[in-house]
Amino acid sequence: MDKLNALYQGKAKTAWETSDPDRVIMEFRNDTSAFDGGKTASLERKGLINSAVDSFVMQHLEAAGVPTHFERRIDANHVLVKRLQMLPVECVVRNRASGSLCRRLGVEEGAELNPPVFELFLKDDALHDPMITQSHCVTFGWASAEQLAEMEALTHQVNDVLKPLFLDAGMILVDYKLEFGLFNGQMVLGDEFSPDGCRLWDAQTHRKLDKDVFRQDLGDLVESYQEVAHRLGVELP
Ligand code: TYD
């Protein structure tokens, strides 16, 4: 399957059209950004590590009954996926307090959240991805109440599958962001699942192993991502 025109170039991935109108090639680039693009870098090997972790997690979710866009890994940086009609809504689940939740609500970082918190954000860089409610989604037509219910249920199902997967590998899944789209009318998990879009802490020491390493200058991001892959048993070239 060959890459044709670029459909969309995001901050860390490019989506390419293929000869099949229902399939897209996702390229994981080495570009890394944080703070709404305020801090950027190109980090050798980051694309291939994220591509490998994403493929591993998506296959795990698919096997557990979560419908995903994943079809197959093509090479180090490329994955073949179903072409979805994406909804402009980001779903976040938090098992522990961190990041914007602490800033917004003054909760102490690391506090356990039972039940986990579920939040919605609008996917809109110009508006800095503001937090939104179901009411905004319905009124402005970003997603229907039924679609949101399905997205929330799937997001929690992902938590039930991934929390133990990461814990068995010695990591706490602190929080993560998911994006969904429609494929022939079915709600399907799209985008990616990699350390770029979640928080992972060492289960014993709470050492950060995710993009906070880059955001907060805590060390070598690629080494941390490599460690995540290694702990999950994901083989890297
Ligand atoms: P959050 O704490 O709201 O944001 P910040 O990264 O600014 O502190 O993010 C919660 C989790 O969701 C975190 O793992 C990052 C991820 N996320 C994204 O990857 N992209 C986004 O646009 C948003 C809103 C969250």
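Everything below is about the structure shown above.
It should be emphasised that the depicted structure is a prediction, and the values quoted were computed from it without experimental measurement. (Residues numbered from 1 in each chain as written. Predicted model: local features only at pLDDT ≥ 70, side-chain atom pairs only at ≥ 80, totals over all residues. Heavy atoms only, no water.)

Caption draft 1: Quick peek at the pairing of strand β13 (residues 198–202). The element β13 is largely enclosed, with a buried count of five among its five residues. Burial along β13 is two-sided: C198, L200 and D202 and R199 and W201, pointing in opposite directions, are all buried. In terms of strand pairing, strand β11 (residues 171–183) meets β13 through five bridges, oriented antiparallel. When the sheet's bridge partners are listed, M171 is paired in β13 with D202. (Buried < 20%, exposed > 50% of the residue type's maximum accessible area, 1.4 Å probe, protein only. Helix = DSSP H or I, 4+ residues; strand = E, 2+ residues; numbered from the N terminus. Pairing = 2+ DSSP bridges.)

Caption draft 2: Broad picture of the layout of surface pockets. For the second largest pocket, the calculated volume is near 200 Å³. In this structure, the second largest pocket is lined by N95, R96, E112, L113, N114, P116, K163, L167, M171, I172 and L173. For the lining of the second largest pocket, the secondary-structure elements that each account for two or more residues are β8 (85–96), β9 (112–122), α4 (145–168) and β11. Residue contributions to the lining of the second largest pocket peak at four residues, all from β9. The residue inventory of the lining of the second largest pocket, partitioned by class, reads six nonpolar, two polar and three charged. (1 Å grid on protein atoms, 1.4 Å probe; cavity = no way out; pocket = protein on both sides within 12 Å on 5 of 7 lines; lining within 4 Å. Points joined across faces, edges and corners; volume = space filled by probe spheres on them. Nonpolar A, V, L, I, M, F, W, Y, C, P; charged D, E, K, R; others polar.)

Caption draft 3: Structural context of helix α6 (residues 221–232). With 12 residues, α6 extends 17 Å between its outermost C-alpha atoms, agreeing within 8% with the 16 Å of an ideal straight helix rising 1.5 Å per residue. When we look at burial in α6, the residues that qualify are L221, V222, S224, Y225, V228, A229 and L232. The arc that holds every buried residue of α6, seen down its axis, measures 165°, which confines them to one face. Of the exposed residues in α6, the ones pointing more than 90 degrees away from its buried face are E223 and H230. Check the buried side of α6 and you find it contacts β4 (31–34), α1 (46–63), α4, β11, β13 and α5 (212–215). Capping the start of α6, D220 holds a side-chain oxygen 3.0 Å from the backbone nitrogen of V222, two or three residues further along. G233 sits one or two residues past α6 and shows a positive phi near 80°. (Expected span 1.5 Å × (residues − 1). Arc of directions from axis to C-beta. Contact = heavy atoms within 4.5 Å. Polar contact = N/O pair within 3.5 Å; in protein donor to acceptor, adjacent residues only side chain to side chain.)

Caption draft 4: Examining the pattern of salt bridges more closely. Applying the stated criterion to the full structure yields 22 salt bridges. In this structure, K123 and E179 form a salt bridge, with 3.3 Å as the shortest nitrogen-oxygen distance. In this pair, K123 is assigned in the loop between β9 and β10 (131–132) and E179 in strand β11, connecting sequence segments 56 residues apart. R231 serves as the salt-bridge partner of E227, at 2.7 Å between the closest nitrogen and oxygen. Of this pair, E227 and R231 both sit in helix α6, four residues apart, which is roughly one turn of that helix. One network of salt bridges, with partners in common, ties together R94, R104, E119, D175, R199, D212 and R215. (Salt bridge = Lys/Arg side-chain N within 4 Å of Asp/Glu carboxyl O.)

Caption draft 5: Main features of the site of the ligand. Taken together, 17 residues form the shell around the ligand, and within it E90, R94, S100, D175 and R199 come nearest. Here an oxygen atom of the ligand sits 2.7 Å away from a polar atom, N or O, in the side chain of E90. A distance of 3.4 Å is found between an oxygen atom of the ligand and a side-chain nitrogen or oxygen belonging to R215. Within the complex, the protein chains bury 82% of what would otherwise be the 510 Å² of accessible surface of the ligand. Contributing elements (two or more residues each) for the shell around the ligand: β8, α2 (99–105), β11 and β13. Classifying every residue of the shell around the ligand by side-chain character gives four nonpolar, four polar and nine charged. (Near = heavy atom within 4 Å. Areas by Shrake-Rupley, 256 points an atom, 1.4 Å probe, with all protein chains shown as cover.)

Caption draft 6: Representation of unusual backbone geometry. Here the bond from N114 into P115 is cis, since omega is -5°, no more than 30 degrees from zero. Within the secondary structure, P115 is located in strand β9. Phi at F35 takes a positive value of approximately 55°, unusual for a residue other than glycine. Along the chain, F35 turns up in the loop between β4 and β5 (39–42). With phi around 80°, R45 is a residue other than glycine that occupies positive phi space.

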